[in-house]
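The chain contents come next:
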Amino acid sequence: MTEVFKGNFTQQEPLPQAAIDAAMAVLNHGRLHRYNEADGEIAQAAALETEFAALMGAKYCLGVASGGFALATALRALGVKPGDKVLTNAFTLAPVPGSIAAVGAIPIFVGVTEDLVIDLDDLAAKAEQADVLMLSHMRGHIVDMDRLMALAADHGLQVVEDCAHTMGAKWGDTWSGRFGAIGCYSTQTYKHVNSGEGGLLITDDEDLMAKATMLSGSYMLYGKHRAGARVEAFEDVRLGTPNISGRMDNLRASILRPQLANLAVQCERWNKRYDVVDGGLADTPGLTLIDRPAQEHFVASSHQFLLLDWSDDAIRAVVDRCLARGVELKWFGAPDPVGFTSRYSSWTYAPSDPMPASDRVLRAVMDMRLPLTFSLEDCAQIARIIRSEVAAVFQSQ
Ligand SMILES: *Cc1c(COP(=O)(O)O)cnc(C)c1O
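Only a predicted model underlies this, so the values are computations on that prediction, with no experimental measurement involved. (Residues numbered from 1 in each chain as written. Predicted model: local features only at pLDDT ≥ 70, side-chain atom pairs only at ≥ 80, totals over all residues. Heavy atoms only, no water.)

**Q** Describe in detail the domain arrangement of the protein chain, supporting the description with residues and values.
**A** Along its sequence, the protein chain is organised into domain 1 (17-261) and domain 2 (263-396). Relative to domain 2, the C-alpha centre of domain 1 lies at a distance of 27 Å. The partner domain 2 presents 34 residues to the 39 residues of domain 1 that form the contact. Between domain 1 and domain 2 the total buried area reaches about 3000 Å² when both faces are included, carbon and sulfur atoms providing 63% of it. (Domains from an automatic or database assignment. Contact = heavy atoms within 4.5 Å. Buried area = accessible area lost by both parts, 1.4 Å probe.)

Written out as structure tokens, the structure is:
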């Protein structure tokens, strides 16, 4: 059987009609800048912030220009200075160490386990080197947050959560993004809501929110924020905080609002696709699926599995044979990063001591997007193709 998959792994769904209508309204009135409001009007950006704060049960929310900008803003608001060290995941994507480098700080990479989450033993060993942990819930895999937060408290670590892959996910009863001092989200096209570019930042700390708002480029218009700090909270920060423009605009906010309202439905659709792929790959010899604990209520817009201890040649053969049948697997272990893949050793601006146990895992990670344009039958077919090609290469090893 040589079925070939015809779908496109980077094709997202069109935006809902409500988003298109909302965008047209903004285009028609022309007030795209978030502080450009007609009399009595609530700007789309301010409304988006109110709605996301309510959805997450956060006191404050700030819309910004990208997820990476949200992360760097979080670090600046927490007072991270050039030369400071910031702990972060070895298994993450380039904007995460990039945001640390953006503030002149130095990433200290913490290892990854076979469950694709941060290695808490390695974190404990390195915790004294930094005051801040930038925790990336990479590819939607959520570490035991109860253990992580206890460890952070023991070592006096402030936690920033990178929720680029966990919008709408929970650990236990708590939303991802609500454990740390600040939660950061991306609304870039490949995330859970799509405005091309964009980011959101949430916190319950009024001082952090006032600083983040000034940092985002608020001029002296912070009083227009509706999910922002009280005007009094700006007294001490309004003159001493640099304006590093990276604002959310009303056009993007307008297309995000209807998508947020539908987030739970989309999350369920993603997870159905994940379950079909995961089920279809179960018990494939040589292939390791990722264990997902019962407390982890994830949102799976992608799927990962491991080819642990396979040779480079054998892994390459699987990638090539799957690609020939239309299935695009991204290999995080490739010696040179391709497309969106990357690993800690490829960020040469941030040298790290080698981590052999993490290298073994990273070398094995196979990663695949599951856009909502794929039907459940598409997902079943993808799993059949991977299964047969993995089996073929495994038997010939
Ligand atoms: C996409 C992404 C971000 C933020 O990215 P932007 O492109 O700046 O919005 C942060 N962390 C991870 C893991 C990501 O994939």
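Anyway, onward from the coordinates.
**Q** Describe the packing of aromatic side chains, with residues and values.
**A** For the coordinates displayed, the defined rule picks out 10 aromatic pairs. Between the aromatic rings of Phe5 and Phe9, the centroid separation amounts to 5.6 Å while the plane-to-plane angle is 75°, which identifies the pairing as edge-to-face. Given the relative accessible area of 5%, Phe5 is considered buried. The exposure class assigned to Phe9 is buried, which follows from its relative accessible area of 2%. Summarising the aromatic geometry, the rings of Phe91 and Phe332 are spaced 5.3 Å apart at their centres and angled 80° between planes, so their arrangement reads as edge-to-face. Placement of Phe91 in the loop between strand E2 (85-89) and helix H4 (95-102) and of Phe332 in the loop between strand E13 (330-331) and helix H11 (356-364) is noted, with a sequence separation of 241 residues between them. In this structure Phe91 comes out as buried when scored by relative accessible area, which is 3%. Connected via pairs of aromatic rings, a cluster forms that spans Phe5, Phe9 and Phe374. Directly above the ring of Phe298 sits Arg292, whose terminal nitrogen or CZ lies 3.7 Å from the centroid. (Phe/Tyr/Trp six-rings, centres within 6.5 Å; stacked < 30°, edge-to-face > 60°. Buried < 20%, exposed > 50% of the residue type's maximum accessible area, 1.4 Å probe, protein only. Helix = DSSP H or I, 4+ residues; strand = E, 2+ residues; numbered from the N terminus. Lys NZ or Arg CZ within 6 Å of the ring centre and 35° of its normal.)

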